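Single-letter residue listing:
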Amino acid sequence: MPLVTCNYEARRRGLHKLQLITEAKKICPDVIIVLGEELGRFRDASKLLYKYLESFTSSGKVERLGFDEVWMDVTDMVDWNQGLLNTHDLTNSFFHLNKNDPTIGFSYDATTIAGHSFPNTITRDDPTNTPLPSQFSDPKDDLSTRLILGSHIAQYLRLGLEENQGYTSTVGISTNKLLSKLVGNLNKPKGQTTLLPPYTDSPDSLPNPEVEATNNVQLFLDPHEIGKIPGIGCKISQKLRNHILSRPAAFSTGLIYGPTEDPISVHDVRTSPSLNPAFLESLLSGPGSHRGTGLKIWNLVHGIDDSEVQQVKKVPTQISIEDSYIRLNTLSEVRKELTALTTTLLKRMHIDLLTDNAWLAHPKTIRLSTRPRPPLGADGTRTRSFTRISRSAPLPSYVFTLKDDVDSIAEKLVTSTLIPMFKYLHPQPSGWDLSLMNVAVTNMVEVSTEKGRDIKSLFSRKREWDVVDRDVPPDDVEEMEDVVDSVQHNVSHSLQPDTETENPVELRQQGSEDLILPLSQNSEEGWDDDGEEEVEGREGCVVCGAMIPRFAMDAHGRWHVMEG
DNA sequence: AAGCTATAG
DNA sequence: ATTTCTATAGCTT
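Counting restarts for each chain: residues are numbered from 1 in the order of the written sequence. Labels are handed out in written order, letters beginning with A for the chains and numbers beginning with 1 for the ligands. Local features are withheld for residues below a pLDDT of 70 in this predicted model, meaning they are given only at 70 or higher, and side-chain atom pairs are given and counted only at 80 or more; totals for whole chains, interfaces and linings count all residues. In computing side-chain values, all of the structure's heavy atoms are included and hydrogens and water are not.

A.B. asks: For this particular structure, what's the right way to read the pairing of strand S1 (residues 62–65)?
C.D. replies: Side chains on a regular strand alternate between the two faces of the sheet. The sheet contact formed by S1 and strand S2 (residues 69–72) spans four bridges and is antiparallel. Counterpart to Glu63 in the pairing with S2 is Trp71. When DSSP locates at least two bridges between a pair of strands, those strands are taken to pair. The numbering of helices and of strands both runs from the N terminus, where a helix is a DSSP run of H or I of at least 4 residues and a strand a run of E of at least 2. Hairpin connection between S1 and S2: a loop of three residues separates the two successive antiparallel strands, and Gly66 in this loop has a positive phi of roughly 70 degrees.

Next up, the structure:
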């Protein structure tokens, strides 16, 4: 069995992710192995840190990636402070954190980058290094000034994180998400790195393809293995390697850890003949590829990333719980595990979607995914496959009840919804073995907080919803095209009003919350039908969660409207 | 709406 | 980060 992950101290002693435990024990006999995981505390810490950072922004542009990474768009802060600089005394500058209160902020030296830099010319952390390039003392050099400001706000936030929250951190500072994430890797742990200008080749260098780029973006990016670029995963990087090599690239056959195959660098890709967005688009097209992938990849190898730092989201798009199993091949075991998963899921829903005993959002859909263990081949070897299969169904609204305890709701959900979904997914009563099960709720519909107006629309008549439904074509959703830079440009922020998730959609679900499964799947296959999919005569009120007979729901809704 | 792929930590 | 346990975006049907 491998180490799924390990801390920095373990890495310092020579251990790494996905290393065999036996191997790890040889290298480091006193290694402490923790079996299983308990993600709750990580989730809590993540939220806390996230909120802390958010409190410094006015834009709310703080985007989380996993539990422990975050992008922060500090363009506003940089704009403001750049305008306040006193060019005659840059060494004694004051960084303002609040537009209304000029006393809030910190002192800094606006002639120097804080922390490390790429290329490594730098200053504070390493005083033996050569002085900064001359453009750094020139406040008219817009990008240089802005990166200096970015480096100081980063340092301030890092120190605050450590002093106030007790966490050390690593930061990268640049003009977009791609570059800031990658440059942050250079000084781990607890270091910060700024990608220095120039970001473009000087205008007097000839536009000659023979001449190599001299700008720092390309100097920094070019040596990276293509698969190390965020957004270029194993599928795309393998296709790119195959193309550059004109043969199938060696794929890592190592059972546990295949660090490198046929390494191909960003430089190799970027300078490959006839490499343009249209060519990449056709090279990378195929199942699972997105429209515009060609341009996106071309942009990435040129250091261009126009993706916006996302704003804080009040509710997650999905909550899912999963577990993996050595052996799971009987329905009673499945039922037991589903109940455990569902109980955890409901608790997570309470934590993430419930504030002051009121639901922030109602997920409309429940999904059950499994990963069947592939059967043994003729030679006794297993063809490893990690593909999942899934079924979705409307989420019954009784899960939003706050009166019943979580365990009884979980039991009801398992019996009436998840077990039938499972039988749909696995029509044979036996002969399967699952290595994983996942239960997820998705399709969040935010519950507006303006009670009266909201409740009225929640209980408006069904005919209106049908009209709305027909009048709105399914592909009506606007695509957001925002431009963000971390410190360089002004943000062009075009928030589209979120009009597509109106309450009528949610209410339409009310009448169809029972699981609907194709009859052929249900009756022709081997499961005994034990009448688990009973039709409920009542349904949960979307406002208070109470179970109300269907015929009385309208009146119940009018009561809510009057209560306000 | 449902099912799946690709990518991320 | 291909073995775990999540999460998001966007494709096809």
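Next, the rest of the story.
A.B. asks: Honestly, the pattern of salt bridges in this entry has me stumped. Any pointers?
C.D. replies: Opposite charge on two side chains lets them pair, provided their charged atoms get close. In the sections that follow, a salt bridge refers to a side-chain nitrogen of Lys or Arg positioned within 4 Å of a carboxyl oxygen of Asp or Glu. Evaluation of the coordinates by the stated rule reveals 13 salt bridges. For Lys181, the salt bridge identified is with Glu69, shortest N-O distance 2.9 Å. A residue pair is termed long-range when its members are at least 10 positions apart, and Lys181 in helix H6 (residues 177–183) and Glu69 in strand S2 qualify at 112 residues. Exposure is judged per residue with a 1.4 Å probe applied to protein chains only, and the accessible area is read against the type maximum: over 50% gives exposed, under 20% gives buried, and values in between give partly exposed. In this structure Lys181 comes out as partly exposed when scored by relative accessible area, which is 25%. The exposure class assigned to Glu69 is partly exposed, which follows from its relative accessible area of 34%. For Asp433, the salt bridge identified is with Arg373, shortest N-O distance 3.0 Å. Pair noted here: Asp433 is in the loop between helix H13 (406–425) and strand S13 (434–446) and Arg373 is in the loop between strand S11 (361–372) and strand S12 (389–394), with a separation of 60 residues, a long-range link. Here Arg373 falls in the partly exposed class, since its relative accessible area comes to 22%. Via salt bridges that share partners, Lys47, Arg348 and Asp352 belong to a single interconnected network.

A.B. asks: It is not clear to me how the packing of helix H4 (residues 75–84) against helix H5 (residues 142–165) should be interpreted in this structure. Could you clarify?
C.D. replies: To characterise two packed helices, one gives the angle between the axes of the helices and the distance between these axes. Orientation is described by lines fitted to C-alpha atoms, with helices fitted over the stretch in contact, and by angles between N-to-C directions that extend from 0 to 180 degrees. The interhelical angle for the contact between H4 and H5, taken along N-to-C directions, is 115 degrees, at an axis separation of 10 Å. The interaxial crossing formed by H4 with H5 has right-handed handedness. Facing Thr75, Met77, Val78, Asp79, Asn81 and Gln82 of H4, the residues of H5 in contact are Asp142, Thr145, Arg146, Leu149, Gly150 and Ile153. The class makeup of the residues in the contact of H4 with H5 is four nonpolar, five polar and three charged. Less than a right angle of anticlockwise turn of the near helix away from the far helix marks a crossing as left-handed, whereas a clockwise turn marks it as right-handed. Note on contacts: a residue pair qualifies if any of its non-hydrogen atoms lie within 4.5 Å across the two residues. Just so you know the grouping, Ala, Val, Leu, Ile, Met, Phe, Trp, Tyr, Cys and Pro go in nonpolar, Asp, Glu, Lys and Arg go in charged, and all remaining residues, Gly too, go in polar.

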